[in-house]
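Chain and residue survey
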Amino acid sequence: NAGVTQTPKFQVLKTGQSMTLQCAQDMNHEYMSWYRQDPGMGLRLIHYSVGAGITDQGEVPNGYNVSRSTTEDFPLRLLSAAPSQTSVYFCASSINDPNYGYTFGSGTRLTVV
Amino acid sequence: AQKVTQAQTEISVVEKEDVTLDCVYETRDTTYYLFWYKQPPSGELVFLIRRNSFDEQNEISGRYSWNFQKSTSSFNFTITASQVVDSAVYFCALSAYNNNDMRFGAGTRLTVKP
C-alpha cells in the first residue's frame, strides 16, 4: 500500500548509543519531515526536507541528524542517545497542493535508558 | 515565529452532545495554512482538513465543521452529535505557504462516553 513506512516500530537504546530511524515514502512527495511527540507538548518539528539534497532544522534539532539522498528516503540519526530523547517519532510527507495535508507514518516509539 | 495554542487539554462529553475544540494561532505570514489532525487511540495521525488564509468560508463535512476567523486568529473545530468513535486526541497545526515547517498545538484529548 502506498504511504509512509517507518521502521522500527519500537526501540530501546542505552544512553550513548547511536541509531537510525528509517522513513520511506512511495508517493513521490517533495516534502518530508520528522516530528517527536511528547505528552502535553504536541508534535515538535525536528528536521525537514523540501527535496533530495536539501534539509533544514526545525524547532528541536539538537542531537539529531538527517540526510535526503533520494526523494523516497529520509532517515533520522540519533548521534548519542539521551533519556531526553525518549519519545514517539513520526515521519511525514507531503506535496505542495492545497488539498493535501501531511501523510504520517505509524510512528516509532523510542525509549532511552 | 509561528505558534498554535489549544487551550483545552482534555474534554469529556456524553455521546450525542456537540463539542467544539478551540485553536488559536499566531503568525506573521500573510499566506499560511491551517490543519486539523486526529490521533485515535491506535496512535496514527489522520489528516482531517486544510484551510488556506485566503479562504474564510466555514466548512462542513458530515458531523464535522470548522470555523475559521482571521479577525480572532482562530480555527475552531466542532463535532455535532458526538460518537464514541470520535474519542481521540485532536491537533491543530499551522504552516507557512510553502508547507515545509508545520507547527502543532499541544492537542486536545476528547473522550466521548456512551
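Coordinates for the structure precede this section.
Quantities reported herein were computed from a predicted structural model and do not represent experimental measurements. (Residues numbered from 1 in each chain as written. Chains lettered and ligands numbered in written order. Predicted model: local features only at pLDDT ≥ 70, side-chain atom pairs only at ≥ 80, totals over all residues. Heavy atoms only, no water.)

Describing the environment of A24 of chain A
Residues and elements named next belong to chain A. Following the sequence through the fold, A24 ends up in strand β3 (residues 19-25). A relative accessible area of 28% places A24 in the partly exposed class. Note: C-alpha distance between A24 and Y102 (78 residues apart in sequence) is 14 Å. With residues near it in sequence (within four places) discarded, A24 still touches G3, V4, T5, E72 and D73. (Helix = DSSP H or I, 4+ residues; strand = E, 2+ residues; numbered from the N terminus. Buried < 20%, exposed > 50% of the residue type's maximum accessible area, 1.4 Å probe, protein only. Contact = heavy atoms within 4.5 Å.)

Looking at the pattern of salt bridges
Evaluated as defined, the whole model comprises 6 salt bridges over all chains. Between R103 of chain B and E59 of chain A there is a salt bridge, with the nearest N and O atoms lying 3.6 Å from each other. A residue pair is termed interchain when its members come from two chains, as with R103 of chain B in strand β11 (residues 103-104) and E59 of chain A in the loop between β6 (54-57) and β7 (64-66). Since its relative accessible area comes to 36%, E59 of chain A is described here as partly exposed. For the salt bridge of D86 of chain B with R63 of chain B, the shortest nitrogen-to-oxygen distance reads 2.8 Å. (Salt bridge = Lys/Arg side-chain N within 4 Å of Asp/Glu carboxyl O.)

Observations regarding the state of the cysteines
Residue and element names in this part refer to chain A. Per the stated rule, a full pass over the model turns up 2 disulfides over all chains. The disulfide partner of C23 is C91, and the S-S distance across this bridge is 1.9 Å. The disulfide joining C23 to C91 has a torsion of about -70° about its S-S bond and is therefore left-handed. Taken together, the residues C23 in strand β3 and C91 in strand β9 (residues 87-94) connect sequence positions 68 residues apart. (Disulfide = S-S within 2.5 Å.)

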